[in-house]
Amino acid sequence: MSKEETTPGGLLSKVVRFVKNPTVNWTELDSIQDDRESQYSKQMLKEMIERKRRNDFVRRREFDQLRKLRRREALQGQRTEDPTARPSFFQSSMASPDDRAVTLKKIDEIEAQMSQQWWKSKQGADAPTQPATVPAAGGAAEITESQHARAYAPTAPGSLPAPVEAKASVPPLFADDSMAVGQFGAKDAQMLAATGSEEAALGTAALYTPTPPPEPEEFVHEPDLEEAAIRFANGDHAGAEAGLLDVLAQHQQDPPEQQLEIWMTLFDLYRATGQQDRFETLAIDFAARYSRSAPLWFSMPEQLGMAPVTAQAAAPSAAAAPVRRDFHWNAPATLAVSSVAALQASLARAASPWTLSWARLVSIDEAAVPLLADQFTQWGERDGQLVFSGVEKLNALLEAKTQSGDRATSPEWWRLRMAALRLMGKPEEFELVALDYCVTYEVSPPSWASPRCGYSDNEGVSSGAAPLAADSDFAASDLGEGAAAQEAAPVAQLSGHVEGDAAPLLEPFAAMLRPGVPFTIACDKLIRVDFAAAGSVLNWAAEQQGQGHVVQFHNLQRLVAIFFNVIGINEHAWVVPRKN
């Protein structure tokens, strides 16, 4: 009997649980313990979120203090109490504050002598000759010590102390450790005069050596938005919306600039769920409060060819799963001019992504080749997403028609193949084909240009050039070599809903990583990432960081960016939310 009582699943223990919980159904008594364990897990998650909130608060406070110190140093003039705080040439010429005081006293004496000579020259008849006695009395060395900065002192006899007080504007120039401004100091001018103008020009040019592009700004989110981000990651769109509205109401008395992030997060929620009516209602309130236009509307599900989440389907119990459309167009065995027209008509009626199947393709009519080449070129110059199936048939046919040295083939076949390689994002193969084209026809081939549209096929090839082109704020932020480095950086893409194990989506990115080059993952069309997928992304980002790679998630919608911070992905990679 005692053995039966101690058994967790025994009859007596079940009777005891029923006595303790008389309102619970007999068949549900075994699930009470599981519910308690889930409650413990939720409690641990809440503690983790609270700990993260405290850490973010401390971090934000430290950043504010750092900004205040930097701003105070920028506005401060000179700091004579700490001569080591600002590097300049004066440190090499002055061994102590006493030497500096002696030098300043000598400069004041020279100014007084010059001003007295000027004043006497105005009263006497020999005015032109008296200033010439100053070099004889003070020596040529004394004149060179005040040549540029004191050149205009004699023109203001009524304000003789002014040049001395004007020296306060000189230290900020030297505080930047600028070599070019050394000619305004006494001993620096002698150094530049001795070395010659050529060395001075080289020293000046060295100041403007190109610097590497700056790192993205660290994303610090509002802690009150974490609960809404977690609900959205679980698919609870209605709960996330209600949480954001509650947070907005709680911060209603805050300054408008502090509420801006909450507004933008709510805009991103409506874009991610395709709720245009609520977006426009919120845009009217935003314009009334901030006296400026609201962000532009676009539907992320429509961009991916998915069904938008309606108000009824926003609840987690009735959440609609994204549905990808079937093939929009299937290539016939012989592609004629009419087939190209049918292709254009089919794509005009369908939303992106456009899916095309080339599995049955055998040949292409000569008259249809230039039309198809024009169509491929147009795809490469517009936004959208293309998915090719059976692409090996298309590549084999184009390769057979573009043999090096065979001038019997029409050049339009070469143009079609290069346009297809550009659309597929294959610059290396494009350059090889362009070289064969140049050798065959002895004419200059077209140059490579990155496509704007996204591309993927059944062979595992994908191109993420479209999201990078759309990120104008990021691409235009760097100049010179910094911009060239960003254009050359590899770019990948994550889009749609990422659920479950995300390792298969991240594995192709390993071939795109390059040492010393930031790896950018464009997330313009990434709608949602659940807990399991976020764990996979966290492990992958930590692994890449351990190997010395820098990973950047760009243009995340704010709910996903906040969720990445909650999970801890921002500790191993850069999390950059969208700007608009």
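Everything here concerns the structure above.
Every residue gets a number counted from 1 within its own chain, in the order that chain's sequence is written. Two thresholds apply to this predicted model, a pLDDT of at least 70 for residue-level local features and 80 or more for giving and counting side-chain atom pairs, whereas whole-chain, interface and lining totals are computed over all residues. Side-chain figures throughout are based on the complete set of non-hydrogen atoms in the structure, without hydrogens or water.

Caption draft 1: Summary view of unusual backbone geometry. Its identity as a non-glycine residue notwithstanding, Glu442 has a phi of 55°, on the positive side. Locating Glu442 in the fold gives a position in the loop between helix H20 (427–441) and strand S6 (454–457). The phi angle at Asn555 is positive, at roughly 60°, despite the residue not being glycine. In this text, helices come from DSSP runs of H or I with a minimum length of four residues, and strands from runs of E with a minimum of two, each type numbered from the N-terminal end. On the secondary structure map, Asn555 appears in strand S12 (residues 551–556).

Caption draft 2: Inspection of the packing of helix H13 (residues 256–273) against helix H14 (residues 276–290) at higher detail. One way to put it is that H13 packs onto H14 with a least axis distance of 10 Å and a crossing angle of 165°. Comparing the axis directions of H13 and H14 gives the class roughly antiparallel. In this structure, H13 crosses over H14, and the sense of that crossing is left-handed. Taking contact as the criterion, the partners of Pro256, Gln259, Leu260, Trp263, Met264, Leu266, Phe267, Tyr270 and Arg271 in H13 are, on H14, Arg278, Phe279, Leu282, Ala283, Asp285, Phe286, Arg289 and Tyr290. The residue classification treats Ala, Val, Leu, Ile, Met, Phe, Trp, Tyr, Cys and Pro as nonpolar and Asp, Glu, Lys and Arg as charged. All others, Gly included, are polar. Partitioning the contact of H13 with H14 into residue classes produces twelve nonpolar, one polar and four charged. All axes here are fitted lines through C-alpha atoms, helices being fitted over the stretch that makes contact, and every angle between N-to-C directions spans 0 to 180 degrees. Angles below 35 degrees are treated as roughly parallel, those above 145 as roughly antiparallel, those between 65 and 115 as roughly perpendicular, and all remaining angles as oblique. By convention, the crossing between two helices is left-handed when the near helix turns anticlockwise from the far helix through less than a right angle, and right-handed when the turn is clockwise. Only heavy atoms enter the contact rule, under which two residues are in contact if any of them lie within 4.5 Å.

Caption draft 3: Inspection of the pattern of salt bridges at higher detail. A side-chain nitrogen of Lys or Arg and a carboxyl oxygen of Asp or Glu constitute a salt bridge if their distance falls within 4 Å. Using the criterion set out here, one finds 14 salt bridges in the structure. Note that Arg53 and Glu50 form a salt bridge whose closest N and O atoms lie 2.5 Å from each other. Taken together, the residues span about one helical turn, with Arg53 and Glu50 both in helix H3 (residues 31–75) at a distance of three residues. The partly exposed category is assigned to Arg53, whose relative accessible area is 24%. Burial here depends on accessible area, computed with a 1.4 Å probe over protein chains only, as a share of the maximum for the residue type. Under 20% is buried, over 50% is exposed, and the range in between is partly exposed.

Caption draft 4: Summary view of H14. Compared with an ideal rise of 1.5 Å per residue, which puts 15 residues at 21 Å, H14 spans 20 Å between its outermost C-alpha atoms and is within 8% of the ideal. For H14, the complete set of buried residues consists of Phe279, Leu282, Ala283, Phe286 and Tyr290. For H14, the angular spread of the buried residues around the axis is 115°, confining them to a single face. In H14, those exposed residues whose orientation departs by more than 90 degrees from the buried face are Asp277, Ile284 and Ala288. Looking at the packing, one finds that the buried side of H14 touches H13. One or two positions beyond H14, positive phi appears at Ser291, with a value near 55°. Any helix carries an expected span of 1.5 Å times its number of residues minus one. Directions drawn from the helix axis to the C-beta atoms are what define this arc.

Caption draft 5: Representation of a negative patch on the surface in the model. Exposure above 30% relative accessible area and the lack of any salt bridge qualify a residue for a patch; like charges then connect within 9 Å, and the nonpolar side chains Val, Leu, Ile, Met, Phe, Trp and Tyr within 5 Å. Throughout, the Shrake-Rupley method with a 1.4 Å probe supplies accessible areas, and for residues the shown protein chains are the sole cover considered. Working convention for charge: Lys and Arg count positive, Asp and Glu count negative, and His plus the chain ends are omitted. A charged residue contributes its charge at one atom only: NZ of Lys, CZ of Arg, CG of Asp or CD of Glu. Taken together, the side chains of Glu399, Glu428, Glu429 and Glu431 make up a negatively charged region of the molecular surface. With three residues, H20 is the single largest residue contributor to the negative patch. In this structure Glu428 comes out as exposed when scored by relative accessible area, which is 58%.

Caption draft 6: Layout of the side chain of Arg528. One can find Arg528 in strand S11 (residues 526–529). Note on Arg528: relative accessible area 8%, which makes it buried. Setting aside residues up to four positions removed in sequence, Arg528 forms contacts with Phe232, Ala233, Asn234, Gly235, His237, Gly496, His497, Val498, Glu499 and Val560.

Caption draft 7: Geometry of the pairing of strand S10 (residues 519–522). Of the two faces of S10, the one lined by Phe519 and Ile521 and the one lined by Thr520 and Ala522 are each fully buried. Only strands that DSSP links by at least two bridges are regarded as paired with each other. Relative to S12, S10 runs parallel, the two sharing four bridges. The residue bridging Thr520 from the neighbouring strand is Gln552, located in S12.

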